[in-house]
Amino acid sequence: MGQTKVIDGYLEVWYKPCERGPSPIDWGAPMKLTDLRSESVIYLNTNGTVKARPKPRYKTAEGRTTLEAALKDSSIMEQVVALPQCP
């Protein structure tokens, strides 16, 4: 069901499951970054850029600000794009 990790106690990164061969499921994005305080979500490519679809789901203005700040913080984004090892 995918792996997750929490960064700085308030950002959760979800990674699509490791797959061998083509997937029957369209996950929409390889990564999802969530502000746990507001439950706002953005969807990312494996290089950390924001995907156009699915669109971000900002639940609050603070959530949007938090996620936009995370995207600009190179130390956070290094942790986000560090993909977990597949079993």
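Owing to the predicted nature of the structure, the values given are computational and were not obtained by experimental measurement.

Colleague: Go over the sheet that holds strand β1 (residues 3-7) with me, naming the residues and quoting the values.
Modeller: Strand pairing in a sheet is mediated by backbone hydrogen bonds. Such pairs are either parallel or antiparallel. A sheet is described by the order of its strands in space; here 4 strands give the open sequence β1-β2-β3-β4, paired in antiparallel fashion. With one partner strand each, in any of the chains shown, β1 and β4 (40-44) form the two edges of the open sheet. Taking the axes of each pair of neighbouring strands and ignoring which way they run, one obtains an average angle of 20 degrees across the sheet. Alignment of strand β3 (residues 31-35) against β4, held across 5 bridges, turns out to be antiparallel. Bridge pairing in β4 places L33 opposite I42. Together, β2 (11-15), β3 and β4 form the strand contacts of helix α1 (residues 61-72), whose direction differs from that of β4 by roughly 30 degrees.

Colleague: Lay out the confidence of the model for the protein chain with the relevant residues and their values.
Modeller: When pLDDT is averaged along the protein chain, the result is 90; 87% of the residues meet or exceed 70. The least confident element of the protein chain is β1, whose mean pLDDT is 94; the most confident is α1, at 98.

Colleague: Could you give an account of the side chain of S40, naming the residues involved and the relevant values?
Modeller: Mapped onto the elements, S40 comes out in strand β4. A distance of 2.9 Å separates the side chain of S40 from the side chain of S38, its partner in a polar contact.

Colleague: Can you break down the packing of aromatic side chains residue by residue, with the values?
Modeller: Under the criterion given, the structure shown has 0 aromatic pairs. Geometry around Y10 places R37 over its ring, the cationic atom sitting 4.1 Å from the centre.

Colleague: Which residues make up the pattern of salt bridges, and what values do they have?
Modeller: The final tally for this structure, using the stated rule, is 2 salt bridges. A salt bridge links R64 to E68; the shortest N-O distance between them is 3.0 Å. One end of the pair is R64 and the other is E68, both in helix α1 and 4 residues apart, which spans about a single turn. Note on E68: relative accessible area 32%, which makes it partly exposed.

Colleague: Tell me what's going on with α1, and back it up with residues and numbers.
Modeller: Its 12 residues give α1 an end-to-end C-alpha distance of 17 Å, which sits within 8% of 16 Å, the value for a rise of 1.5 Å per residue. Residues of α1 that are buried include every one of G63, T66, L67 and A70, and no others. An end-on view of α1 places all buried positions within 90 degrees of arc, on one side of the element. Opposite the buried face of α1, at more than 90 degrees from it, the exposed residues are A61, T65 and K72. Of the surrounding elements, those touching the buried residues of α1 are β2, β3, β4 and α2 (74-81).

Rules used throughout
- Residues numbered from 1 in each chain as written.
- Predicted model: local features only at pLDDT ≥ 70, side-chain atom pairs only at ≥ 80, totals over all residues.
- Heavy atoms only, no water.
- Pairing = 2+ DSSP bridges.
- Helix = DSSP H or I, 4+ residues; strand = E, 2+ residues; numbered from the N terminus.
- Axes fitted to C-alpha atoms, helices over the stretch in contact; angles between N-to-C directions.
- Contact = heavy atoms within 4.5 Å.
- pLDDT = per-residue confidence, 0-100.
- Polar contact = N/O pair within 3.5 Å; in protein donor to acceptor, adjacent residues only side chain to side chain.
- Phe/Tyr/Trp six-rings, centres within 6.5 Å; stacked < 30°, edge-to-face > 60°.
- Lys NZ or Arg CZ within 6 Å of the ring centre and 35° of its normal.
- Salt bridge = Lys/Arg side-chain N within 4 Å of Asp/Glu carboxyl O.
- Buried < 20%, exposed > 50% of the residue type's maximum accessible area, 1.4 Å probe, protein only.
- Expected span 1.5 Å × (residues − 1).
- Arc of directions from axis to C-beta.

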